[in-house]
Amino acid sequence: MTISARLHNQGLLGNTFTSAQQLLSWMGSIQAQDYASAKWAIGARMPNETDASVTQAINDGKIVRTWLMRGTIHMVATEDVRWMNTLTAPGNVVASTPRRQQLGFDERTILRSHAILSVALKGGKLRTREELYTLLEDKGISTTDQRGYHLLWRAAQDGVLCFAGQRFVALDDWVPAQAPMERDQALGELAKRYFQSRGPATLKDFQWWSGMTASDAERGLDVIKAELEMHVYEGHQLWALPGEPPAFQYHGAALPAFDEYLLGYKERGMVLDPLYNNRVCPPANGLFQPLMLIQGKVVGTWKRDSGKDIITIKTEPFVALNPKETRLFALALEEFSKFHGKKIAVK
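So, how was this worked out
Residues numbered from 1 in each chain as written. Predicted model: local features only at pLDDT ≥ 70, side-chain atom pairs only at ≥ 80, totals over all residues. Heavy atoms only, no water. Helix = DSSP H or I, 4+ residues; strand = E, 2+ residues; numbered from the N terminus. Rg over C-alpha atoms; globule rule 2.2 N^0.38 Å. Buried < 20%, exposed > 50% of the residue type's maximum accessible area, 1.4 Å probe, protein only. Contact = heavy atoms within 4.5 Å. Areas by Shrake-Rupley, 256 points an atom, 1.4 Å probe, with all protein chains shown as cover. Lys, Arg positive; Asp, Glu negative; His and termini not counted. Charge placed at Lys NZ, Arg CZ, Asp CG, Glu CD. Pairing = 2+ DSSP bridges. Axes fitted to C-alpha atoms, helices over the stretch in contact; angles between N-to-C directions. Phe/Tyr/Trp six-rings, centres within 6.5 Å; stacked < 30°, edge-to-face > 60°. Salt bridge = Lys/Arg side-chain N within 4 Å of Asp/Glu carboxyl O. Core = buried A, V, L, I, M, F, W, Y, C linked by side-chain atoms within 4.5 Å. Parallel < 35°, antiparallel > 145°, perpendicular 65-115°, else oblique. Nonpolar A, V, L, I, M, F, W, Y, C, P; charged D, E, K, R; others polar. Arc of directions from axis to C-beta.

1. Points about the overall build of the protein
Assigned secondary structure in the protein consists of 16 helices and twelve strands. Relative to the globule expectation of 20 Å for 347 residues, the C-alpha radius of gyration of the protein, 21 Å, shows essentially globular dimensions. Based on the C-alpha atoms only, the size of the protein along its principal axes is roughly 60 × 50 × 40 Å. Looking at the protein as a whole, 50% of its 347 residues are labelled buried. When contacts within the protein are restricted to residue pairs at least 6 apart in sequence, those whose partners lie at least 24 apart make up 66%. Surface exposure of the protein reaches about 15,900 Å², of which carbon and sulfur atoms provide 51%. Averaging the positions of the 40 positive and the 37 negative side-chain charges in the protein gives two centres separated by 5 Å.

2. Considering the sheet that holds strand β8 (residues 252-255)
Pairing is mixed in the open sheet, where five strands are placed in the order β8-β9-β10-β11-β12. The open sheet has two edge strands with one neighbour each: β8 and β12 (343-346). Shown here is a sheet whose adjacent strand axes are inclined to one another by a mean of 30 degrees, direction ignored. Bridging between β8 and strand β9 (residues 291-294) involves four bridges; their strand directions are antiparallel. Looking at the pairing, A253 lines up with L293 of β9. Most of the contacts of helix α16 (residues 323-340) go to β8, to which it runs at about 45 degrees, and overall it touches β8, β9, β10 (297-306), β11 (310-317) and β12.

3. As for the packing of aromatic side chains
The tally for this structure, following the rule as stated, stands at 16 aromatic pairs. Ring centres 5.2 Å apart and planes at 55 degrees place the aromatic pair W40 and F339 in the tilted group. Of this pair, W40 sits in helix α3 (residues 35-43) while F339 sits in helix α16, and the two are 299 residues apart along the sequence. Judged by centre distance (5.5 Å) and plane angle (85 degrees), the rings of W67 and Y149 are edge-to-face. Of this pair, W67 sits in strand β2 (residues 63-67) while Y149 is found in helix α9 (residues 147-157), placing the two residues 82 residues apart along the sequence.

4. A few points about the pattern of salt bridges
In a structure, side chains of opposite charge can pair up when their charged atoms sit close to one another. This structure, assessed with the given rule, holds 17 salt bridges. The residue E316 makes a salt bridge to K314 at a minimum N-O spacing of 3.8 Å. When its relative accessible area of 41% is taken as the criterion, K314 is described as partly exposed. Among the charged side chains, a network of salt bridges with common partners joins R100, E107, R154 and D158.

5. Structural notes on the nonpolar core
I42, W67, M75, L161 and W302 are the most contacted members of the largest nonpolar core, which has 55 residues in total. Counting residues per element, this core draws most heavily on α16, at six residues. Apart from the residues lying within four places of it in its own chain, the contact partners of W302 are W40, A254, L255, P290, L291, M292, I313, K314, T315, F329, L333 and F336. Among the nonpolar cores identified, the runner-up in size contains 29 residues, and W83, A201, I224 and Y265 belong to it.

6. Quick word on the packing of helix α2 (residues 20-27) against helix α11 (residues 183-198)
For the pair α2 and α11, interaxial distance at closest approach is 7 Å and the crossing angle is 105 degrees. Judged by the angle between their axes, α2 and α11 are roughly perpendicular. Seen from α2, the contacting residues are S25, W26 and M27; seen from α11, they are R193, Q196, S197 and R198. For the contact of α2 with α11, the residue count by class is two nonpolar, three polar and two charged.

7. Describing α2
For α2, the complete set of buried residues consists of A20, L23, L24 and M27. All buried residues of α2 fall inside an arc of 95 degrees around its axis, so they share one side. Looking one or two residues beyond α2, the residue adopting positive phi is G28, at roughly 90 degrees.

8. Notes on the packing of helix α5 (residues 81-95) against α11
Following both chains from N to C, one finds α5 and α11 inclined at 105 degrees, their axes separated by 10 Å at the closest point. Comparing the axis directions of α5 and α11 gives the class roughly perpendicular. Residues W83, M84 and L87 of α5 pack against R183, A186, L187, E189, L190 and R193 of α11.

9. Notes on the pairing of strand β4 (residues 161-164)
Two strands pair when backbone bridges link them, and β4 and strand β5 (residues 167-170) are joined in this way by four bridges, in the antiparallel orientation. Counterpart to C162 in the pairing with β5 is V169. Between β4 and β5, which pair antiparallel and follow one another directly, the connecting turn spans two residues, one of which, G165, has a positive phi of 75 degrees.

10. Some details on the environment of H150
Here H150 lies in helix α9. Considered as a pair, H150 and S96 are 54 residues apart in the sequence and their alpha carbons are 9.1 Å apart. Apart from the residues lying within four places of it in its own chain, the contact partners of H150 are S96, R99, R100, L103, F105 and I110.

That is the geometry; function is a separate question.
Have a look at this one:
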C-alpha cells in the first residue's frame, strides 16, 4: 500500500490535476536546479502537458523558480513563493554564514549588491546570470569563485529577485504582494503540502526535505496531524492523508533527474536498493540521474541526447529487464516523446 500511495500522492498514478500550477500547488514545490528536468517532472505527472505548455505557464508568471527548501532551487506556484520564502530564508541565511565568510562578503557588501541588482531588474526587466555578474563587476563587486552565485542566491533569500524561466526578474515585479502568514500557520501549510503529496513519509523525511529545524518540522506536523493518518513501515511512523490509493496497476515511469519521487525523502530504501545508490547519484559529482521506474521501484537510470528532430535515449538498468518491464518503460518513454514533440531512439 505504501508505494502505491506514494505513486498516487506524487501524481504519478491516477491524478486529476488540470494544470501545472495546480500540480505544483499540491506538491508545494519540486526540485528545479535543472530547468529541463523540472519541466519534465511536471510532464511525467500530467500526460496532457507539453514542454511548450509548461514553458508558457512559466512565461505567464503562473510558476516561479527560486531558492527555497534547503537553499536549493525549487519550482513553485506563484502564489506560494512569498510565504515559503519568508519561512525558509532565515534558516538558509544562517546556514550560509560560513560560506559567506569564506567568500569574503560582509553584510554591507551584500546590501550594496542588492541595490545594484534591484536597479538592474526594475520595471520587469529580464536579465541573464552573466549580465548581472557583469553589472556587479562593473561596480567593483567580485563574482569570481562562486561569489556571483552566492550574491544572487542571497538576493533571492532577501526577496530581491527570482527566476522567470532561466532569467532573473525582480520579485516585486513578478510575484504579487501577499499578506504575511502567521508562522505556525505557515509551518502547518508546508507540512500539509509535503505529507499530502509525498506521504506516507516520516517526520525525518519532512525535516530533511524542508530544511527546517527538528522542532519546527515537528511543530508543522503537530499543526496538521489531526488531518493525517499514521502508518507503520518497518517500525517507523509514516504520515499521509487518509484514504486508499487507486488500484495498483502495473506501472512504469521515466522520471527526470532530481525527481521528488526519490529526492523528496531522507530515507530512500523503500524504492531504491541501497546497493545502487551510487548509480543514481555518483559520488564524483553528486548529481541525481534520471530514473527508470517499474512498479514504484527504481530499476535503473537513463540519459538523453537531444537532437533537432530526434532524442536519443540510453537506458542503464541495474539488472536486465524482462520483456514486460521493457515494454512498460518503452510506454513511459512514449510519454516523454509526446511531451517534447520529438521522436525518440532507444539504445
